Amino acid sequence: MADFYSWQGDSLIISCRLQPKASNDAIVGLLGDSVKIRITAPPIEGKANAHLIKFLAKQFGVAKSSVTIISGDLGRQKRVKIEDPRKIPEQLTIERN
């Protein structure tokens, strides 16, 4: 099992490193024990967090309400909970328990 994710029941917890104000939205790959994610939104007034939630919801095939930032609201390093993901992005190797 990789260090960047864990399962809590049907919920997936991932550790991610955010790069705001990027030229495009993308899951770059692993960076240490986190997933590096680029998003176009600036880190101002919660815009990056809102954009991250929308992006991850699309990537994992869930509603935005199913994605929650558990920790790291104000930093680049975040822990995100995704409730009952419908799909796993091909850039990530995640196995279900």
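So, on to unusual backbone geometry. Its identity as a non-glycine residue notwithstanding, Lys 21 has a phi of 55°, on the positive side. Structurally, Lys 21 is set in the loop between strand E2 (11-19) and strand E3 (26-31). For Lys 21, a relative accessible area of 62% gives the class exposed.

Between its first and last C-alpha, helix H1 (residues 47-60) extends 20 Å over 14 residues, near the 20 Å set by a 1.5 Å rise per residue. The set of residues buried in H1 consists of Ala 48, Asn 49, Leu 52, Phe 55, Leu 56, Ala 57 and Phe 60. Just downstream of H1, Gly 61 is the residue with a positive phi angle, here 70°.

Under the defined criterion, the tally for this structure stands at 2 salt bridges. Asp 84 is paired through a salt bridge with Arg 86; the nearest N and O atoms lie 3.1 Å apart. Judged by relative accessible area, Asp 84 falls into the partly exposed class, the value being 29%. The exposure class assigned to Arg 86 is exposed, which follows from its relative accessible area of 63%. Among the ionic pairs, Arg 96 bridges to Asp 84, the shortest N-O distance being 3.5 Å. Here Arg 96 is found in the segment after strand E6 (77-83), whereas its partner Asp 84 is found in the segment after E6, with 12 residues between them in sequence. The structure contains a network of salt bridges with shared partners spanning Asp 84, Arg 86 and Arg 96.

Rules of the game
- Residues numbered from 1 in each chain as written.
- Predicted model: local features only at pLDDT ≥ 70, side-chain atom pairs only at ≥ 80, totals over all residues.
- Heavy atoms only, no water.
- Helix = DSSP H or I, 4+ residues; strand = E, 2+ residues; numbered from the N terminus.
- Buried < 20%, exposed > 50% of the residue type's maximum accessible area, 1.4 Å probe, protein only.
- Expected span 1.5 Å × (residues − 1).
- Salt bridge = Lys/Arg side-chain N within 4 Å of Asp/Glu carboxyl O.

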